[in-house]
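If you want the building blocks of each chain, they are given just below.
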Amino acid sequence: MVYKQRFDGRKFDETRPIEAKAGVIARADGSAYFKIGKTAAYAAVYGPRNLYPKFKQDPERGILRVNYNMLPFSGQGDRVRPGGNRRSRELSLVIENALMPVVDLTEFPNSVIDVFIELPETDAGTRCAGICAASIALADAGVVMKDLVASVSAGKVDDKVVIDLDYNEEAYEDGPVADIPIAVIPRTGQISLLQMDGEITKEELDKAIEMAKNACVKINEIQRKALKEKYANGNGDSDE
Amino acid sequence: MSELIVKDKEIVVPGEELAAGLDFLPGIGTYRDGDKIVCAKLGLLHVDGRALKVISLSGQYNPKRGDTIIGKVIDVAFSGWRIDTNSAYPAMLSMKDGVSEFVVRGADLTKYYDIGDNIVVTIINVTSQKLIDVSMKGLGLRKLIGGRLIKVNPHKVPRIIGKQGSMVSMIKQSTDCRIMVGQNGVVWIQGTPENEIIAVNTIKKIEQESHVSGLTEKIKSYLEEITGKTLDSNAQSDHNNSGNENDSYEADHNSR
């Protein structure tokens, strides 16, 4: 079999339509909404704030604590049981590790920044959407960070290397599938998350990463735009 | 061959390149990467000669020495009080800095300040580990009784106070409220309930429209419309004559 055309008619190196907004949750210190195709993520940042239990405190720097949560009604299939599970624990951890290289928490010893990622609608690529939303929300919360992390999944469907797989592609049955979520620090091109599910050759992997990096640059522009839009009217005169 | 990539006073986001070349220096909220200066914090770019810095627009209050803040007593310890500062770290108010009279060993400290009391304090020291010491020795530092507290974005506090306290004294004059603005974004307002509401709404309006130019004039006409009182243009001097020394000191002090 040959995968000639993508199910939703996109080009092989084209992401789904993206929508991003900063400052969507009033009570949070920083928040963001990121939607890619039918996958949507809300991220809310609280803190830096006091960290208890005390043994988790780090006197040298603050810690980042990410909580990834898929809402019960989010999938297309069965209801997701509310609360954490093994998968969400893992994803919380990898998202935390993907964001950690850019945030600078040395100014906040013994404290914590909490990031809550909620997914009301999922159609594959949730951890990538979560990372994109979380980095906008962290910037919105005024956290010192080197760059905004952008993330997208790449992979292989049958014989084609594609970007931003949706659920139909992940579940493709007539050939091999590989799903590779990648998070990139766009300015430097460094990779802060790379996971893989499936099979892929070395050459195809290189190609997939290259495509993902290019897509992340575009996602980064959308993230920046979302932040600038929120503060656009804050421009102009300043008292200082 | 150095040049600015972004214009002065523009919104910048983390990862955005601000300037190229070694003639510019990275200030607060920026870092150098190779020959580029890159933004590290969301905010407004401020070009100060050769130095580039980013003025924050969001985020929590960051305690600094010399700030006057409104804190809440959250614990009574052996020889002092623990104060919530509306930041990530609580502050300590020692007995020595809290009360002027002699306190016998083992005396009940709750008769001075009890849990839940709101007090105006200045920060006298912040360590690298963010242990904060506060004091109540100074003009206008006292326990707040009555009134209401609201929280605002701490980065908008200079706007609420205005130049030489012009904005806050204008609100005081037209609403007859006593107002204290803490650098940590906590504002205390006391007056008649109707006037308190007007003051709260005005402060919220200032917070929301802090970027508008000519805001002082706009707020002035807004207040005049609501209260029906004409404000004289030199609100500050009039205020000083009203005899409320503590509060005017507060405004001056904060607008620095």
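See the structure above.
These lines cover the structure that appears in this document, whether it is placed above or below. (Residues numbered from 1 in each chain as written. Chains lettered and ligands numbered in written order. Predicted model: local features only at pLDDT ≥ 70, side-chain atom pairs only at ≥ 80, totals over all residues.)

1. Some thoughts on the sheet that holds strand 5 (residues 111-121) of chain A
Residues and elements named next belong to chain A. Here is the rule we go by: Two strands pair under a simple rule: DSSP has to find at least two bridges between them. Secondary structure counts use DSSP, requiring at least four H or I residues in a row for a helix and at least two E residues in a row for a strand, with both numbered from the N terminus. Angular values range over 0 to 180 degrees, each being the angle between N-to-C directions of two axes fitted as lines to C-alpha atoms, with helices fitted over their stretch in contact. This entry defines residue contacts through backbone-placed C-beta atoms, with two residues in contact when those atoms are within 7 Å.
Taken in spatial order, the 5 strands make up an open sheet running 1-2-3-5-4, and their pairing is mixed. A strand with exactly one partner marks an edge of an open sheet, and here the two such strands are strand 1 (18-22) and strand 4 (63-70). Across the sheet, the mean angle separating the axes of adjacent strands is 15 degrees when strand polarity is ignored. In the sheet, strand 3 (residues 39-50) pairs with strand 5 via 8 bridges, with the strands oriented antiparallel. Bridge pairing in strand 5 links Ala40 to Glu121. Sheet strands in contact with helix 1 (residues 86-99) are strand 4 and strand 5, and its direction is about 140 degrees off that of strand 4.

2. As for unusual backbone geometry
Residue and element names in this part refer to chain A. Residue Pro48 follows Gly47 across a cis peptide bond; omega there is 5 degrees. Mapped onto the fold, Pro48 is located in strand 3. With omega at 5 degrees, the peptide bond leading from Tyr52 into Pro53 counts as cis. Mapped onto the secondary structure, Pro53 falls in the loop between strand 3 and strand 4. Located in the positive-phi region is Asp164, a residue other than glycine, with phi close to 55 degrees.

3. Digging into the pairing of strand 6 (residues 36-39) of chain B
Residues and elements named next belong to chain B. Bridge count for strand 3 (residues 17-20) against strand 6 is 3 bridges, and the pairing is antiparallel. Looking at strand 6, one finds that Ala19 is bridged to Ile37. Pairing of strand 5 (residues 30-33) with strand 6, which is carried by 4 bridges, proceeds in the antiparallel orientation. Pairing of Arg32 across the sheet is with Ile37, part of strand 6. Between strand 5 and strand 6, which pair antiparallel in sequence order, lie 2 residues; one of them, Gly34, sits at a positive phi of approximately 65 degrees.

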